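Given next are the chains, with one letter for each unit.
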Amino acid sequence: MRWIKQHRASLALAVITILFAVTRLWQFGVNPAGMHVDEAGMAYDAYNLARFGTDRYQNPFPVYLINFDAGQSALYAYLAALFIKIFGFSMTAVRLPALLSGVLVYVFGYLIVKEMWNRRTAVLTALFITICPYFIMASRWGLDCNLLLGFFTMSVYWLMLAVKKEKTSLFIAAGISLGLTLYTYALTFLILPLFLLFTLIYLFSIRRLKVKNLFALGVPVFFLALPLMLMLAVNNGLLPEIKTGFFTIPKLLYYRGAEFSPANIPKNLKLFWTLLTHDHLDYNADPQFGTLYYISLPLVATGAVLYMLRSWKDLKNHKEYSPRLIPLFMFFSALICALVVFDGYIINKSNAVYLMLAVFIALGIQHISNWHRALGPVMTVLYGVLFLFFGKYYYVNHAEDLRTYFYRDLTEAVRYVDDTVADQEQRRIYVDAGEEQQPYIFICLEEKITPEEFTGSRQDSVNHYRNYYFELPSIPEEDAVYIIASDKVQMELLDEAGFSYTQCGKYRIYTKN
């Protein structure tokens, strides 16, 4: 018993780590079922990068993906390409970078909190990272922006450690990590400059940053940021597109630089509510449970007040370094960016705030436990019950509830045609996907259309790839196959023409023998 008491923090952390592994690995690759359209676009580029060394537009190793013409950050696709190269193409390989990001949040989040508070608070933070819905859901599917929190958390830890030990090598590590973070999500083009501005002003004010260490931090950041700076120049009309045999800086058809504006602030003020509850996208958080469970709201408020008061006290001490301030700069930089970007109230756009929200919950729990010891066990039971209910929902019902966002039915319909329709390669296959966006990308991914085929078929709008057509004919073709989601007029025409159909999810697959 004495040994258990002496090592209870280590034992608690071990149990939490096992729970973390179970919640992330159970049904990994199959839940969520199907693919989100942005995930499918990224996966198609990752497959082509792994196999051909180009994106689907035949651009060799682009620093920024074109995806659906408006651009997408590239780091996720390159990590997915690496896993595809090693393990072959699968949903698991495509989603491993998301899992990696979740591990980075867990490991480096624990280390950060241990550094700036104590081990007890760090263990509690690790617990909330493990059981809160947002952290579980974000680490299980391939949305490029969800890498931001993991890489930013790792960067903050290396920077804190560098400042504490004043080692040049650690500043270099922090610079490399921050530079890589720029490739996780376009919003880092504002978040990281703000973060570095706040951090450098603070470090210079307390004289904890030598000139050589400033260069050790800044040089890796600059050189890793340089391709992205060129990308911004290209897409603002200052330079032509840069395309070599080794890399590409693409010209986007729709450049979204105008999305940053102070005019977005009034609409985005609701982010202070959505980040703690849910937005309109159920793949970010289910309304039944919220991002962090609804009982966390008063705890976040309590913990935030405690953290701010302690940080203000630290800030007034101009001589001593406080490890609490650098993570706070991370939080405020992400929050400021979320306020000025278009639709910044959407949870995945503001994901960099969630480490500190978990810290606030941990501090709030400790405060009320110190105030009344009985409240600690009560809150533990409540969170345990909520976690069990969320687990039952997520691993049993969640996939069905997200069919609107993850297009499983279309992929299954294409596979059904491939497996059961005779001579399907010689027959035209018409696809009506209803309200689903960019249906062609799922066909390209499922059929492994090469970049050469993709660019050869693509005109101003997508009409067809191979024998798949995305505009229905006015008169049914006798030898064609039809995958129809919602066009009732076409369904009636096919019925009248003697076609029979098989139901595949929400799709009808029409054929005529």
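For clarity, every value in this text was computed on a predicted model and none was experimentally measured.

(A) Focus on the pattern of salt bridges. Scanning all chains against the criterion turns up 11 salt bridges. One salt bridge in this structure joins Arg56 and Asp45, with 3.0 Å as the shortest N-O distance. Note that Arg56 is positioned in the loop between helix H3 (37–52) and strand S1 (64–65) and Asp45 in helix H3, a separation of 11 residues in sequence. Each member of the pair, Arg56 as well as Asp45, carries the same accessibility label: buried. The salt bridge partner of Arg415 is Glu446, with a shortest N-O separation of 2.9 Å. On the criterion of sequence distance, the pair formed by Arg415 in helix H18 (residues 408–420) and Glu446 in helix H19 (residues 439–447) is long-range, its members being 31 residues apart. Relative accessible area serves as the criterion here: at 43%, Arg415 is assigned to the partly exposed category. If you follow the salt bridges from partner to partner, you end up with Arg310, Asp314 and Arg324 in one network.

(B) Geometry of helix H11 (residues 211–235). Given a rise of 1.5 Å per residue, 25 residues ought to cover 36 Å, and the 34 Å separating the end C-alpha atoms of H11 matches this to within 8%. At Leu226, H11 shows its maximal bend, which comes to roughly 40°, and the proline Pro227 appears one to four places after that position. Looking only at H11, the buried set comprises Asn213, Ala216, Leu217, Pro220, Val221, Ala225, Leu228, Met231, Ala233, Val234 and Asn235.

(C) Fine view of the sheet that holds strand S6 (residues 464–465). Spatially, 6 strands are ordered S6-S7-S5-S8-S10-S9 in an open sheet, and the strand pairing comes out mixed. The open sheet has two edge strands, S6 and strand S9 (500–504), and neither has a second partner. Sheet topology places strand S5 (residues 429–432) next to strand S7 (residues 468–469); 2 bridges connect them, and they run parallel. Bridge pairing in S7 links Ile429 to Tyr468. In this fold H18 packs onto S5, S7, strand S8 (481–484), S9 and strand S10 (507–511), with an angle of close to 20° to the strand it touches most, S10.

(D) Seen up close, unusual backbone geometry. Look at the link from Asn31 to Pro32: it is a cis peptide, with omega at 10°. Locating Pro32 in the fold gives a position in the loop between helix H2 (8–25) and H3. A positive phi angle is found at Asn67, which is not glycine, with a value near 50°. Mapped onto the elements, Asn67 comes out in the loop between S1 and strand S2 (72–73). For Asp69, which is not glycine, the phi dihedral falls at a positive 80°. Along the polypeptide, Asp69 turns up in the loop between S1 and S2.

(E) Quick peek at the pairing of S9. Where S9 meets S10, 5 bridges bridge the pair, whose relative direction is antiparallel. Looking across to S10, one finds that Tyr501 is bridged to Tyr510. Where S9 folds back onto S10 in an antiparallel hairpin, the turn is made up of 2 residues, including Gly505, whose phi is positive at roughly 65°.

(F) Examining the side chain of Thr411 more closely. Structurally, the position occupied by Thr411 is in helix H18. Of the residues examined, Thr411 reaches a relative accessible area of 15% and is grouped as buried. Setting aside its immediate chain neighbours within four residues, Thr411 contacts Phe442 and Glu446.

(G) Region of interest: the environment of Glu320. You can see Glu320 is positioned in the loop between helix H14 (296–316) and helix H15 (325–340). On the basis of relative accessible area, Glu320 is assigned to the exposed category, the value being 53%. Placed 113 residues apart in sequence, Glu320 and Arg207 show a C-alpha to C-alpha distance of 9.1 Å. Those residues in contact with Glu320 that sit more than four places away from it in its chain are Tyr202 and Ile206.

(H) Examining the packing of aromatic side chains more closely. What the rule picks out here adds up to 40 aromatic pairs. Geometrically, the ring pair formed by Phe68 and Tyr440 is edge-to-face, given 6.4 Å between the ring centres and 85° between the ring planes. Taken together, the positions of Phe68 in the loop between S1 and S2 and Tyr440 in helix H19 put the pair 372 residues apart, joining distant regions of the chain. Taking relative accessible area as the criterion, Phe68 reaches 16% and is therefore assigned buried. Ring geometry for Phe135 versus Tyr354: centroids 6.3 Å apart, planes at 85°, classification edge-to-face. Taken as a pair, Phe135 in helix H7 (residues 133–138) and Tyr354 in helix H16 (residues 354–371) lie far apart in primary sequence, 219 residues in all. The ring of Tyr469 carries the charged tip of Arg428 above its face, separated from the ring centre by 4.2 Å. When the ring centre of Tyr47 is taken as origin, the NZ or CZ atom of Lys448, which lies over that ring, is 5.6 Å away.

Parameters and conventions
- Residues numbered from 1 in each chain as written.
- Predicted model: local features only at pLDDT ≥ 70, side-chain atom pairs only at ≥ 80, totals over all residues.
- Heavy atoms only, no water.
- Salt bridge = Lys/Arg side-chain N within 4 Å of Asp/Glu carboxyl O.
- Helix = DSSP H or I, 4+ residues; strand = E, 2+ residues; numbered from the N terminus.
- Buried < 20%, exposed > 50% of the residue type's maximum accessible area, 1.4 Å probe, protein only.
- Expected span 1.5 Å × (residues − 1).
- Bend = angle between axes of the 7 residues up to and from the residue.
- Pairing = 2+ DSSP bridges.
- Contact = heavy atoms within 4.5 Å.
- Axes fitted to C-alpha atoms, helices over the stretch in contact; angles between N-to-C directions.
- Phe/Tyr/Trp six-rings, centres within 6.5 Å; stacked < 30°, edge-to-face > 60°.
- Lys NZ or Arg CZ within 6 Å of the ring centre and 35° of its normal.

Read these as geometric descriptors, not functional statements.
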